[in-house]
Amino acid sequence: MTNVKFIYVYFLSGVFFLITAGAFYSTENSNFTSVFASIGFAIISISFVLYNRHKNCKDKQK
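Now for a description of the structure that goes with this document. (Residues numbered from 1 in each chain as written. Predicted model: local features only at pLDDT ≥ 70, side-chain atom pairs only at ≥ 80, totals over all residues. Heavy atoms only, no water.)

Another aspect to go through is helix H1 (residues 4-25). Since the α-helix advances by 3.6 residues per turn, residues separated by three or four positions end up pointing in the same direction. Taking 1.5 Å per residue, 22 residues should reach 32 Å; H1 reaches 32 Å between its end C-alpha atoms and fits that length. Considered for burial, the residues of H1 that qualify are Ile-7, Gly-14, Thr-20 and Ala-21. Across the axial projection of H1, the buried residues extend over an arc of 135°, all falling on one side. Relative to its buried face, H1 has exposed residues pointing more than 90 degrees away, namely Lys-5, Val-9, Leu-12, Phe-16 and Ile-19. Those residues of H1 hidden inside the fold are in contact with helix H2 (33-61). Here H1 starts with a cap whose side-chain oxygen sits 3.3 Å from the backbone nitrogen of Lys-5, and that cap is Asn-3. (Helix = DSSP H or I, 4+ residues; strand = E, 2+ residues; numbered from the N terminus. Expected span 1.5 Å × (residues − 1). Buried < 20%, exposed > 50% of the residue type's maximum accessible area, 1.4 Å probe, protein only. Arc of directions from axis to C-beta. Contact = heavy atoms within 4.5 Å. Polar contact = N/O pair within 3.5 Å; in protein donor to acceptor, adjacent residues only side chain to side chain.)

Below, the structure is given as structure tokens:
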């Protein structure tokens with residue numbers, strides 16, 4: 001993973017899923033809230049892991 005911009009976009013897509021979950025919570029379709037929230041948290045967690053691996057690889061190269 002050499003491109004940090006990809007990790008940022010991936011993180012922002014997770015935030016988008018969380019915002020969508022909040023929008024669904026206030027409507028009649030609140031059964032979609034847990035689905036979108038879990039997808040959002042999973043994407044954000046994966047992006048943190050990718051960012052930490054990228055950072056560790058950079059530190060090892062120096």
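The contact between H1 and H2 brings their axes to 8 Å, and the two run at 160°. By the criterion of interaxial angle, the relationship of H1 to H2 is roughly antiparallel. Relative to H2, H1 is oriented so that their crossing is left-handed. Across the contact of H1 with H2, the residue classes break down as 21 nonpolar, 7 polar and no charged. (Axes fitted to C-alpha atoms, helices over the stretch in contact; angles between N-to-C directions. Parallel < 35°, antiparallel > 145°, perpendicular 65-115°, else oblique. Left-handed = near helix turned anticlockwise from the far one by under 90°. Nonpolar A, V, L, I, M, F, W, Y, C, P; charged D, E, K, R; others polar.)

Mapped onto the elements, Ile-46 comes out in helix H2. According to the relative accessible area criterion, Ile-46 is partly exposed, its value standing at 42%.

Moving on to H2. In a regular helix each residue adds 1.5 Å, so 29 residues correspond to 42 Å; H2 covers 42 Å between its end C-alpha atoms and thus fits that length. The complete set of buried residues in H2 reads Thr-33, Ala-37, Gly-40, Ile-43, Ile-44, Ser-47 and His-54. The inward-facing, buried residues of H2 abut H1.

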